[in-house]
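Spelled out, the chains give:
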Amino acid sequence: MARKYRYEEFTWPEIREAVAGRRVAVLPVGTIEQHGPHLPLLTDVITATEMSRRAVEQIAEEAVLLPSVQYAFNEHHLDFPGTIAVQGPTFINYITDIGQSLAHHGFKKILLVNGHGRNVPFLDIAARNITNHSDAICAMVSWWSLVPKLLLNELRESEYPGGMAHGCELETSVLLYLCGQLVQMDKAEKDMPVKKSEYFYWDLQAPSPVFFQEFFSRYSRTGTTGDPTKATAEKGRRFTEAVIENLIKVIRELRAREIAPRRDHH
Ligand SMILES: [Zn+2]
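A brief look at the structure comes next.

About the criteria used
- Residues numbered from 1 in each chain as written.
- Predicted model: local features only at pLDDT ≥ 70, side-chain atom pairs only at ≥ 80, totals over all residues.
- Heavy atoms only, no water.
- Helix = DSSP H or I, 4+ residues; strand = E, 2+ residues; numbered from the N terminus.
- Phe/Tyr/Trp six-rings, centres within 6.5 Å; stacked < 30°, edge-to-face > 60°.
- Buried < 20%, exposed > 50% of the residue type's maximum accessible area, 1.4 Å probe, protein only.
- Lys NZ or Arg CZ within 6 Å of the ring centre and 35° of its normal.
- Pairing = 2+ DSSP bridges.

So, unusual backbone geometry
Thought 1: Residue Pro 161 follows Tyr 160 across a cis peptide bond; omega there is -5 degrees.
Thought 2: Topologically, Pro 161 is positioned in the loop between helix 5 (149-155) and strand 5 (164-166).
Thought 3: Phi is positive for Arg 22, close to 55 degrees, though the residue is something other than glycine.

The structure is reproduced here in C-alpha cells:
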C-alpha cells in the first residue's frame, strides 16, 4: 500500500510516528478571490495545494501534507464579486496557531507553500512567529519563485513586466494543466496597465523595486493583470513539473537542515 501522506487521514498514533520519522509538515496556503472572467475563485488554492500534494506524494517517507488554508488577505480585490477577505492580523495569527500546534506535537520542520502573491509578507511574519516561539523552524515559499529562470525565458511570450501577474499567462497555463475543466479560455483577455511604470508594477517573475498595492479595480478592467491569451496546458505542464521538482528539493533541504542551539550572549 502506498504510504499515507495526508495529515487529516492519520490517527494520533500515526502522527506520533510521523513526528518520530522527522517528516516535514507541508501547509499549502491559497486564497479565495476573483481571478478574472476565465479562472475560478479557487485558483490560488488549486495551485498551492496540487503542487504540494504531488511533491509530498513522491516523498511520502519524508513529509506530510496538511489540509490547505483557503482564506487569506486580499481586500484589494473586493471590488470584484466573490472575493473573501481576511484581515492581516487575523490571517497571521491563524497561520501562526496552525504552526504552533504542529510544533506542539513535535514537528520540527514546517513549510508554508504559498499560492497568492499578496500573502507573502503575512506568511513571512507567521513563519517567523512560529520559528521564534517554538522548537520548530518554519519557512515559506511561493510556488512561482521555484519556476527556473531558463524555463521562463524559453516559454514566456507575454511582455515583462506585467504579462505574468494575476490570472495571467503563468497562472492560466498552470490551471489549464491542473484543472482544465475550470478554465474558460473563450473569456480570457489581455489586460495590462495602459501606462508603463518603471518602479510600480507587479510580475510573478520578479517584483518591482517599490512595494505598492492599491485597489485592483483602479487599474484592471477585467480582474486580470497580464496576458492569459498566451497560456497553454503544455506550458502549464512544464512549469508545474519544474516547480514540483524544486519543491521536493526545498522540502529535503529543510528536513536536513540542522537546528543549531541558541546561545545567550548577555
Ligand atoms: Zn492567483
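Picking up where we left off.
Some words on the packing of aromatic side chains
Thought 1: Scanning the entire structure with this criterion turns up eight aromatic pairs.
Thought 2: A centroid spacing of 6.2 Å and a plane angle of 50 degrees characterise the contact between Tyr 7 and Phe 107, whose relative ring orientation is tilted. Of the two residues, Tyr 7 is situated in the segment before helix 1 (12-20) and Phe 107 in the loop between helix 3 (88-104) and strand 3 (109-114); the sequence distance between them amounts to 100 residues. With respect to burial, Tyr 7 and Phe 107 carry one shared label: buried.
Thought 3: Consider the rings of Phe 216 and Tyr 219, whose centres lie 5.1 Å apart with planes at 55 degrees: the pair is tilted.
Thought 4: Looking at Phe 216, the relative accessible area reads 4%, which means it is buried.
Thought 5: You can call Tyr 219 partly exposed: its relative accessible area is 26%.
Thought 6: Among the aromatic residues, those joined into a ring-pair cluster are Phe 73, Phe 91 and Phe 122.
Thought 7: If you follow Lys 4 out to its NZ or CZ, it ends over the ring of Phe 10, 6.0 Å from the centre.
Thought 8: One Lys or Arg, Arg 118, reaches over the ring of Trp 202 and ends 4.0 Å from the middle of that ring.

Topic: the pairing of strand 3
Thought 1: With six of six residues buried, strand 3 is to be regarded as a mostly interior element.
Thought 2: Burial along strand 3 is two-sided: Lys 109, Leu 111 and Val 113 facing one way and Ile 110, Leu 112 and Asn 114 facing the other are all buried.
Thought 3: Across five bridges, strand 1 (residues 24-29) lies against strand 3 in parallel orientation. Paired with Val 26 across the bridge in strand 3 is Leu 111.
Thought 4: The pairing of strand 3 with strand 4 (residues 137-142) spans six bridges and is parallel.

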